[in-house]
Amino acid sequence: MMKRFSRATRILSVLFVLFLLLSGCTTLSDLRAKKDEGAVAVAIAASIAKDGSAWIPCKQFSPAIHIKGDVREAYLTADRSRVVVLEESGELYTAKPAQLEKRTTIAQNAESVEALRDDGIVYTAALTNDEIVYYRYMFRGTAPVQMDLASFVSASDTCSLLFCTHDGAVMRFAADGSLPSYNDQYNGTINPVAVSNDSSIFVISVADGSVCTTYLYDAGERQKLFSLDMEEINTQAFFSADQEQLVVIDTNSTLVFLKKPGEDAIEVELPMLLEWEIPMTESGPLTESPAADTVYLLVQTDDYGLMDLYAVSMDGEREKVLGDVRQAITKDGRIYYIDEDYTLFCADLDGANYANESKISSNVYSVQTSPDGKSVCYSKNLTENGVGSLYIYSPDKDESTRVTTNASFLFIDLSSINSYYIYDYELFSDDGKYLYYFEDVADVGDSSYSVGSLMRFCLKDGETKTVLVDSMIYVGSERTDGAVASDYFWTEQYFSGDSTQIRCDLLLYENDEKVSLAQGVLHTTD
């Protein structure tokens, strides 16, 4: 539900991630998706009730998976084949969702689960001297492997790992069950950036004094990408959903590198520094799309808050598509963008060209598309207190329908520097029939939490329904794009709290019937 528009600072980005976590979305930071045709399933984190039991909502195991015990953490994998449970005693185990009593114990001294994939996990454990160490465990049944790990990154769909040791060694840990392999040694601070599912391609950045250098490895061959006179590493790498394309950027550089497996990386220089945004294809975000001949990138301009959109091709050519935009997104061959005057346009997109441009509305601050691309939601007329209007636009009919004039947003007006920051609460159902949003959002006392009224708008007949009052600003989804099943979703209802902690009830909505699952779910600011 969160989208970043204009040029947001790194500090603001961290603050909004914290806001998401403190608003009831208590999910593991490194849960990744299982990508299938059409849908994108995500692993699900449990809510822990006051009695210590864990509840994991999942439509496949309706109404929910209930794990009894004194649970600290629990998760359901993206392929729905197993749960991973960490008890307060330190026992870490896995089991099939329908056979929870037949558990396989992984460790007796575990501290936390750090990454979860369909084929394995990374977890920490405490040794007898209270030292915390990292382990990887593969679900095929091999013994946990201890790692001298200073930092790591996991592949998007497998438990292939790229990590660096405390003495500066770069290690690659394939998901095939083999032991970690040594790749290189560096001085300075090593940042593992990205690794492919089969671990053959990976990216690292090394900060040594006042110089940051980024390297790309493919099948053991190393290629130097960036070398910047900077003390802070800002390199990002993005694989396409099919792993057939890699885009590497650094927000301190004008260079972008595009790569396909087995081929040399192509270097393209852009006229200005890049924005901190996911590259796009004509279909949508690169990370949710197959490899494409053309990738779209947003770059900074001389005017703070405005960006230019460039098309970069795999043959190394670049071309400016749009200038001075505040936001631009692509979906199924269309582009939607907000210009410097806050006017929303849409157009057909073909490589570096666009056609059939049409104006949708003025005074627009944000835009998003439904999963099927048949509807577009945009916000208008936002006030300083974060209240504004929501509209639904139909690209096929070229017409807009007003949803509400009282939608809530987290909005920071940066008009003094020609910019703004907005956190959208609204989201579509996976079938495109409904739009969920929040009204009357307010802080809970002096805490960092907010609650509001969860609303649902029917795109077919325009009916608006109040789903839940005093809802946490959170709607549970089984998909990484945030879309929720219209007949199965969950949220939490606030009932008590103070500046340090709150308690909520986990509620499930199945076929419009409300089911109370976990009582007294605790959230703290620690």
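Residues numbered from 1 in each chain as written. Predicted model: local features only at pLDDT ≥ 70, side-chain atom pairs only at ≥ 80, totals over all residues. Heavy atoms only, no water.

A. Here's a closer look at the overall build of the protein. Scanning the protein from terminus to terminus reveals one helix and 45 strands. Against the globule reference of 24 Å for 526 residues, the protein gives a C-alpha radius of gyration of 23 Å, in line with a compact fold. The principal-axis extents of the C-alpha atoms in the protein amount to approximately 65 × 55 × 40 Å. Here the protein holds 526 residues, and 57% of them are scored as buried. Counting contacts in the protein only where the partners sit at least 6 residues apart, residues at least 24 apart contribute 42% of the total. Working note: accessible area of the protein is about 21,800 Å², and carbon and sulfur atoms make up 44% of it. Averaged over its 41 positive side-chain charges, the protein has a centre that lies 5 Å from the centre of its 82 negative ones. (Helix = DSSP H or I, 4+ residues; strand = E, 2+ residues; numbered from the N terminus. Rg over C-alpha atoms; globule rule 2.2 N^0.38 Å. Buried < 20%, exposed > 50% of the residue type's maximum accessible area, 1.4 Å probe, protein only. Contact = heavy atoms within 4.5 Å. Areas by Shrake-Rupley, 256 points an atom, 1.4 Å probe, with all protein chains shown as cover. Lys, Arg positive; Asp, Glu negative; His and termini not counted. Charge placed at Lys NZ, Arg CZ, Asp CG, Glu CD.)

B. Expanded view of the confidence of the model for the protein. For the protein, the average pLDDT comes to 89, and 91% of its residues sit at 70 or higher. Within the model, pLDDT remains below 50 along residues 1-27, and this stretch shows 82 contacts once partners closer than five positions in the same chain are excluded. (pLDDT = per-residue confidence, 0-100.)

C. Summary view of the pairing of strand β26 (residues 266-269). Bridging between strand β25 (residues 255-259) and β26 involves four bridges; their strand directions are antiparallel. Opposite L258, over in β26, you have I266 as the bridge partner. Between β25 and β26, which pair antiparallel and follow one another directly, the connecting turn spans six residues, one of which, G262, has a positive phi of 80°. (Pairing = 2+ DSSP bridges.)

D. Structural detail: the sheet that holds strand β10 (residues 99-107). Taken together, five strands build an open sheet; the order of strands is β3-β7-β8-β9-β10 and the sheet is antiparallel. Edge positions in the open sheet fall to β3 (44-45) and β10, since each of these has one partner strand only.

E. Layout of the pattern of salt bridges. Applying the stated rule across the entire model yields 11 salt bridges. Here R72 ties to E88 by a salt bridge, and the two come within 3.3 Å at their closest N and O atoms. On the criterion of sequence distance, the pair formed by R72 in strand β7 (residues 71-76) and E88 in the loop between β8 (83-87) and β9 (92-96) is long-range, its members being 16 residues apart. Note on R72: relative accessible area 27%, which makes it partly exposed. Put simply, D308 and K320 hold a salt bridge, and the shortest N to O gap is 3.6 Å. In this pair, D308 sits in strand β28 (residues 307-313) while K320 sits in strand β29 (residues 318-331), placing the two residues 12 residues apart along the sequence. A single salt-bridge network, built from bridges that share partners, covers R334, D348 and D396. (Salt bridge = Lys/Arg side-chain N within 4 Å of Asp/Glu carboxyl O.)

F. Layout of the sheet that holds strand β24 (residues 246-250). In space, the four strands of this open sheet follow the order β23-β24-β25-β26, with antiparallel pairing throughout. Both outer strands of the open sheet, β23 (235-239) and β26, are each paired with one neighbouring strand and no more. Strand-to-strand twist of the sheet, defined as the mean angle between neighbouring strand axes without regard to direction, takes the value 20°. Pairing between β24 and β25: four bridges, direction antiparallel. For I249, the partnering residue across the bridge sits in β25 and is V256. (Axes fitted to C-alpha atoms, helices over the stretch in contact; angles between N-to-C directions.)

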